Structures are given as structure tokens and as C-alpha cells.
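Spelled out from the first residue to the last, the chains are:
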Amino acid sequence: MITYRNLDTVIVGAGFAGMYCLHKQIQEGFNAEIFEKADDVGGTWYWNKYPGARCDIESMDYSYSFSDELQQEWNWKEKYGTQPEILEYARFVSKKFNLRKNINFKTSIVKARFINNKWIVETDNNIKIECHYLILATGNLSTPNTPNIEGISNFKGKIYHTGAWPEKMPEFKGRKVGIIGTGSSGVQSIPVISETAKELLVFQRTANFSLPARHSKLPENKREKYKKNYKKYRDLAQNSSFGIAKYQPPTKSAFDVNEDERNEIYESAWQEGGQAMLFAFTDLLTNKEANETAANFVRNKIREIVKNKETAEKLCPNDHPIGTKRLCLDSNYFETYNKENVSLIDISNHPIQKITEKGLISNDAEYEFDDLVFATGFDAMTGAVKAIEILNEENISLKSVWSKGPKTYLGIMVSDFPNLFMITGPQSPGVKSQMILSIEQHVNFIHNLIIHKKNNKYLQVNANKDKQDEWVKHNNEVANATLYPLAHSWYNGDNILGKTRNFMPYVGGVANYKNICDQKIKNDYEGFEFYN
Ligand code: FAD
Ligand code: N01
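Just so it is clear, the structure is predicted and the values come from calculations on it, not from any experiment.

### Focus on the overall build of the chain
Counting secondary structure elements, the chain contains 16 helices and 20 strands. With 532 residues in all, the chain has 58% of them scored as buried. The contacts of the chain with a sequence gap of at least 6 include a subset with a gap of at least 24, amounting to 72%. Accessible area of the chain: about 22700 Å², with a carbon and sulfur share of 46%.

As C-alpha cells, then:
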């Protein structure tokens, strides 16, 4: 039996984007609800419960800024929040702002159709909701990708994916574990799994750059000092390229200093930990030679850390400029390969042929293990949106419109899909920033559009097609002026078989992007069309 509901706004997803969006909607008096497939809030931090999962942006930055009361009340314990700590924070927020009563857990949105100025939204448990606004807070990294390797169903042991980790932590003690993938999830989980597993086999297709996080507890005095100056730090963050106060735009080229000075700067960034190295010089992400100076510095560090020379060389990335894939931050990642119970298996020239009952075949050899972990990432940026059948008034699906890659206006709307909004969609800087900052900026922008529409009694807001094309073109031009497109990465869909190559994030920087958005509003909502 179908249940029919009427709402002003349906929000899909109860991660940080969905929760803040719901809060804004409720404050404004809209009848809004979230529909979330999980049984709790948190999004990323609900699903990624793998060993070692934590933020790689410092907790004082990776948090909401919209409520000073919240940021004064919450006390981060760790420099980089752990997954449990961030999930606890998300739950705290949901309770503090009384959001849970407006969240439908264990409910997936499967279909939405725009008819007569309304979205008719369908869930997987027979609810049909008629609403004015449909807001996709479905996440950029929320659709785990398990490669379709032959024989996977034959494996007799347990299979895990870092992006859909079970609630109860598996026991790896005394077991032989195989792990596929050395992106951020692999880099974080490998050292921790190696602490208990009897043996750990790491299957590496591509070596990855990783910098030390230099994680520690967050001293109370540091936290309190930050809290006292929160406004200053949040403003600095908004005016930066990456959305983090301490990473302000560099002023010198890598070649404005001599080799010794340059290496000293890299050394101090390496000792400091975090992403500082990438912000050392202006041209690291635009000039190959400049980039190579940083890449080489990191390769030499890997060679210093990893005792076995052959293993060290295999761990040295050579196929992409440093920083053009999401840079990993680690705690003892390279050191882990000095452990007796850890082996690196280079599969760069030998794709995994098949999974067997007892392990997998690559390099024409069978590797046996008890449990298999996929740290193989996500169908990023478009996966969760395309999983919903979204049809416009002409019955054209968003999936078909995006078949050769996503096209959006500012990463917020798609032309011909009125009253449909995305939070940190493709062609916005979300994934290239401290994401909570980008989420807040998008939610505020969308809110502004909705209020403008409501106040003027318009029935629809839509993105102008020409303005959308201009924005997509601009996005590509900005990316093509950098080294980013040189890497095979999820930024351009390379990690998903059959996905058309498109560079998806906006890499013009958070501050530039915000200025562009603010200017659109000042220019009478340039690029947005309102209809009665
Ligand atoms: P999500 O948190 O992904 O939430 C989306 C929600 O939508 C999910 O709960 C999902 O279940 C739900 N959903 C999707 N489709 C449907 C549907 N059809 N029906 C119902 N529900 C649906 N960013 C940083 O800035 N710094 C970091 O250090 C950082 N670390 C990360 C670590 C990991 C392991 C991962 C995977 C990502 C990390 N990110 C980080 C990015 C992170 O995704 C964002 O910071 C942020 O949490 C995204 O919030 P969100 O609400 O947009 O999306
Ligand atoms: O995924 P990834 P991830 N056979 O796509 C390999 C965020 N995040 O989950 O490079 C063999 O980066 C693949 O190999 P290759 C962050 O934004 C943040 O690790 O394609 N290997 C790669 O090594 C991040 O960027 C944190 O050759 C296969 C790995 O799997 C994003 O999420 C922590 C394969 C996938 O790497 C995604 O990170 C975690 C196959 N068939 C995640 N298919 C923080 O620290 C894939 N691979 C904040």
C-alpha cells in the first residue's frame, strides 16, 4: 500500500550537507524532511567505519561554523577527528538542533518526477511525496565501488569494503588479510589492520603519494585558543583556496629559491605534517618541473623510510604529479612495509585475473588469504545522483543527460530540472576543499534561491542552459590550466569502468568560487530563470 505525503522540501541524505540544509529549512518555517538510507545520521562517517578511518583536515577546521554556540560547546579531542568522534559530533548536532524528528531513516529515494511544478518523489518503502523542492545531499563519495572481478562470489572468506564497513569491527587477529587499493582508505587502514592481522598482503595497482599527518591529541589550550578566535579562522578559511585558515595562497614559485632552500621548506612542511607542502609554492600544481621538485622530495623520504630497496621503489609514485590525486595523509603508512607480517604485491602490470575460493590470481600466481578488503573507492561525484531515477517534465532522465559526463550550473542546478538542487555537485569546489565549509556555502546559496523564489511567488527556478554550458567550459579551462587532468583518478571518472572522462571538481579555489556565486546573486540571480 502506498503512503502519500505532502512536503515543501525533500532532502536526500543525512550527512553534514543534509543536516545543515534541514536546519535552515526548519528555521525558515518550511515543512522539510530528510530521507536517509542508513539508520543514523553522519553520511561518510556512518559508512566508513574501517580501521584507522579519520579526517585528514584538522577537527577545529572540519566542523560546522553556522552556530557559534555549537562550535563553542563541542570539544574536539583529537587533532584529526577519528571516524567515531566525527560520527558522535554528527549525532550531537542532530540532537542539539532537534533534527531527528524530521529524518526518515532506513529509507532510500529511488525515483523523482517533475510534474506541474511539483516533484513527485518515491521511496523504496512505498512512500510517495509531493514537494516543491528536491535537494540532493547524497554525497560525492557515498557510492562504494567494488570492481567487477571474475570469481568474486566464489571467495570463501569474508569480504569487506572500506566504504560500507560493518557496525561490528571484524576481528583480524590471527588471520591472513588481503587488501586491494592504496588510495586514502587503504593508506589509513593498512597500518591499523597490520597491527592485529597475522599477515597482510597489500595489492597495489598504482603507488600513491602520502604525507605524514603528524596526528596527536588536541591539547586543551590549543583548542580554547582556536575557539576564542574562531571568527578570524573561519574568515581566513573562506578567503583561501582550500577552505583551511592556515593554508593561505603562497607567493613564491618553486624556482624563486635555490634547491637547498626549497628542500628546507619541504622538510619543514614534512615535519609539520598535513598538506602544508602543497601550499609551499605557487606553481606546484601548474608546472611539471616545479611539481617534480616536491614529488622527488617525497620519493626520497619513502626511500629513507622503507628498508627493503625493492619495496621502496615500488612504493614510489611515478605516474602522476604529486597532489593531482587527492593527497593522502597517513600515520606510519610507509613504515608499515618494514613489518615482517606485511607484503606489498605490485599488480601494476598484472591486473587481478580472478578471485578464487581461497584468494586471488595475479602475476600468474595465486595469493591466499582468509579475508579480503576492498579499499577501491567510490563512483564519485555522480554515482549517488545517477542511482536515483530523476525525470524532468519531458520525462528525460538526469542520468541520460549526464551520460557523457555531468553538466551543472555552479554545481548547484542542472538546466531543465527546475527546483532540483545539489549540494557540492560536480563543477563546484566541494571535494577540493574542507568540505563542511563548501557544504555551508552551498546550502546558504540554495536557501537564498528558494527564498527569492518564494518571496516573488515564482513557481519554478531553473538554470539557464547557455550559462550552464559557459560554466562547464570555465570549469574545464580552469582544470586544463593545471596538472590535475594528468592523473588517472576519481576526479575525472577514470576509476569507474565505462565512465566518460570528465574533470569534475572546480579547482579555481573556494574563495574565487564564493565570489563568483555572490556576484551571480548581486547580478539579479544571473544564470537562474524564475517562472510563474
Ligand atoms: P555524505 O556524508 O556522503 O552523506 C550522503 C548521505 O546520503 C549518505 O548518508 C547516504 O546514505 C545518503 N544517500 C545517498 N543516496 C541516497 C538515496 N538515494 N536515498 C537515501 N539516502 C541516500 N572531506 C573533508 O573535507 N575532509 C576530510 O578529511 C574528509 N575525509 C573523508 C574520509 C572518507 C573516508 C571519505 C569517504 C570522505 C571524506 N571526506 C572528507 C569527504 C566527505 O564525504 C565530506 O567531508 C562530507 O562528509 C560529505 O557530506 P555530505 O553530507 O555531502 O555527504
Ligand atoms: O579510493 P581511491 P579511496 N584492481 O579511489 C585501487 C576520500 N577519503 O576510498 O590508483 C586493483 O582514492 C586504486 O588503484 P588505482 C578522499 O577524498 C579521505 O581510497 O586506480 N586496484 C586505488 O589504489 C579520497 O580521495 C580519507 O590504480 C584497484 C584504490 O583502489 C576518496 O575518499 C580517507 C582496482 C582506490 O583509491 C577516495 O579514497 C578515505 C582494481 N580493479 C577516503 N580498483 C581521509 O583520509 C580500484 N583499485 C580524509
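### Here we look at the site of ligand 2
Ligand 2 sits among 23 residues. The nearest are S185, Q188, R205, T206 and W490. The separation between an oxygen atom of ligand 2 and a polar main-chain atom of T182 is 2.9 Å. Here an oxygen atom of ligand 2 sits 3.0 Å away from a polar atom, N or O, in the main chain of S184. When grouped by side-chain class, the residues that make up the shell around ligand 2 number nine nonpolar, nine polar and five charged. Here the shell around ligand 2 spans two domains, and each of domain 1 (3-143 + 379-457) and domain 2 (152-374) adds at least three residues to it.

### Things to note about the site of ligand 1
The full set close to ligand 1 counts 34 residues, and E36, T44, D56, Y62 and M435 are the nearest of them. K37 places a main-chain nitrogen or oxygen 3.2 Å from a nitrogen atom of ligand 1. Against a free-state accessible area of 990 Å², the protein chains account for coverage of 95% of ligand 1. Of all the secondary-structure elements, those providing two or more residues to the shell around ligand 1 are helix 1 (16-27), helix 2 (44-47) and helix 14 (435-455).

### As for the domain arrangement of the chain
Domains assigned within the chain are domain 1 (3-143 + 379-457) and domain 2 (152-374). At the surface where domain 1 touches domain 2, the tally comes to four salt bridges. Close ionic contact of E167 with K49 constitutes a salt bridge, the shortest N to O distance being 2.7 Å. Viewed at the interface, domain 2 and domain 1 are joined by 25 residue pairs in polar contact (both at pLDDT 80 or more). Looking at the side of domain 1 that touches domain 2 element by element, the count peaks at three residues for helix 3 (residues 68-73). Counted by class, the side of domain 1 that touches domain 2 contains 12 nonpolar, nine polar and 10 charged residues.

### What about the sheet that holds strand 9 (residues 199-204)?
With parallel pairing, five strands are arranged side by side in an open sheet as 7-16-8-9-12. Across the chains shown, the open sheet's two edge strands, defined by having one partner strand only, are strand 7 (158-161) and strand 12 (342-346). Along the sheet, successive strands turn relative to each other by an average axial angle of 20°, direction set aside. In terms of strand pairing, strand 7 meets strand 16 (residues 371-374) through four bridges, oriented parallel. Across the sheet, the residue bridging to I159 is L372, located in strand 16. Where helix 5 (residues 184-196) meets the sheet, it contacts strand 8 (176-180), strand 9, strand 12 and strand 16, and its direction lies at approximately 175° from that of strand 8.

### What to know about the state of the cysteines
Under the definition given, this model contains zero disulfides. Left unpaired, C55 is separated from the closest cysteine sulfur, that of C328, by 14 Å.

### Section: the packing of helix 14 against helix 16 (residues 510-522)
Two elements in contact, helix 14 and helix 16, have axes separated by 12 Å at closest approach and are oriented at 5°. Regarding the angle of helix 14 to helix 16, the classification is roughly parallel. In this structure, helix 14 contributes L437, S438, Q441, H442, F445 and N448 to the contact, and helix 16 contributes V510, Y513, K514, C517 and I521. Taken together, the residues of the contact of helix 14 with helix 16 break down into six nonpolar, four polar and one charged.

### Comments concerning the sheet that holds strand 14 (residues 359-362)
Pairing in this open sheet of three strands is antiparallel, and the strands run 13-14-15 from one edge to the other. What marks the edges here is a single partner per strand, and that holds for strand 13 (354-355) and strand 15 (365-368). Examined bridge by bridge, strand 13 and strand 14 share two bridges and lie antiparallel to one another. The partner of I355 across the bridge, within strand 14, is L360.

### Considering the environment of H132
Residue placement: H132 occurs in strand 6 (residues 127-136). Sequence separation of H132 and I450 is 318 residues, and the distance between their C-alpha atoms is 9.9 Å. Excluding its chain neighbours within four sequence positions, the residues that come into contact with H132 are L7, D8, N117, K118, W119 and N419.

### A short note on the packing of aromatic side chains
Inspection of the entire model under this criterion finds 43 aromatic pairs. Relative to F369, the ring of F203 lies with its centre 5.9 Å away and its plane at 65°, an arrangement referred to as edge-to-face. Taken as a pair, F203 in strand 9 and F369 in the loop between strand 15 and strand 16 lie far apart in primary sequence, 166 residues in all. Take F203: its relative accessible area is 1%, and that puts it in the buried class. By relative accessible area, F369 is classed as buried at 5%. Look at Y506 and Y513: their rings are 5.9 Å apart centre to centre, the planes differ by 50°, and that puts the pair in the tilted class. When its relative accessible area of 1% is taken as the criterion, Y513 is described as buried. Aromatic ring contacts, followed pair by pair, group F16, Y20, W45, Y62, Y64, F66, W74, W76, Y89, F92 and F97 into a single cluster. The cationic tip of K49 hangs over the ring face of Y46; the distance from NZ or CZ to the ring centre is 4.0 Å. Against the face of F97 rests K96, its NZ or CZ located 5.8 Å from the ring centre.

### Observations concerning the pattern of salt bridges
Counted by the stated rule, this structure contains 31 salt bridges. With a closest N to O distance of 3.5 Å, E477 and K473 form a salt bridge. With E477 and K473 both in helix 15 (residues 465-480) and four residues apart, the pair spans about one turn of that helix. In this structure K473 comes out as exposed when scored by relative accessible area, which is 53%. Each member of the salt-bridge network shares a partner with another, and the members are K467, E470, K520 and E526.

Criteria and cut-off values
- Residues numbered from 1 in each chain as written.
- Chains lettered and ligands numbered in written order.
- Predicted model: local features only at pLDDT ≥ 70, side-chain atom pairs only at ≥ 80, totals over all residues.
- Heavy atoms only, no water.
- Helix = DSSP H or I, 4+ residues; strand = E, 2+ residues; numbered from the N terminus.
- Buried < 20%, exposed > 50% of the residue type's maximum accessible area, 1.4 Å probe, protein only.
- Contact = heavy atoms within 4.5 Å.
- Areas by Shrake-Rupley, 256 points an atom, 1.4 Å probe, with all protein chains shown as cover.
- Near = heavy atom within 4 Å.
- Polar contact = N/O pair within 3.5 Å; in protein donor to acceptor, adjacent residues only side chain to side chain.
- Nonpolar A, V, L, I, M, F, W, Y, C, P; charged D, E, K, R; others polar.
- Domains from an automatic or database assignment.
- Salt bridge = Lys/Arg side-chain N within 4 Å of Asp/Glu carboxyl O.
- Pairing = 2+ DSSP bridges.
- Axes fitted to C-alpha atoms, helices over the stretch in contact; angles between N-to-C directions.
- Disulfide = S-S within 2.5 Å.
- Parallel < 35°, antiparallel > 145°, perpendicular 65-115°, else oblique.
- Phe/Tyr/Trp six-rings, centres within 6.5 Å; stacked < 30°, edge-to-face > 60°.
- Lys NZ or Arg CZ within 6 Å of the ring centre and 35° of its normal.

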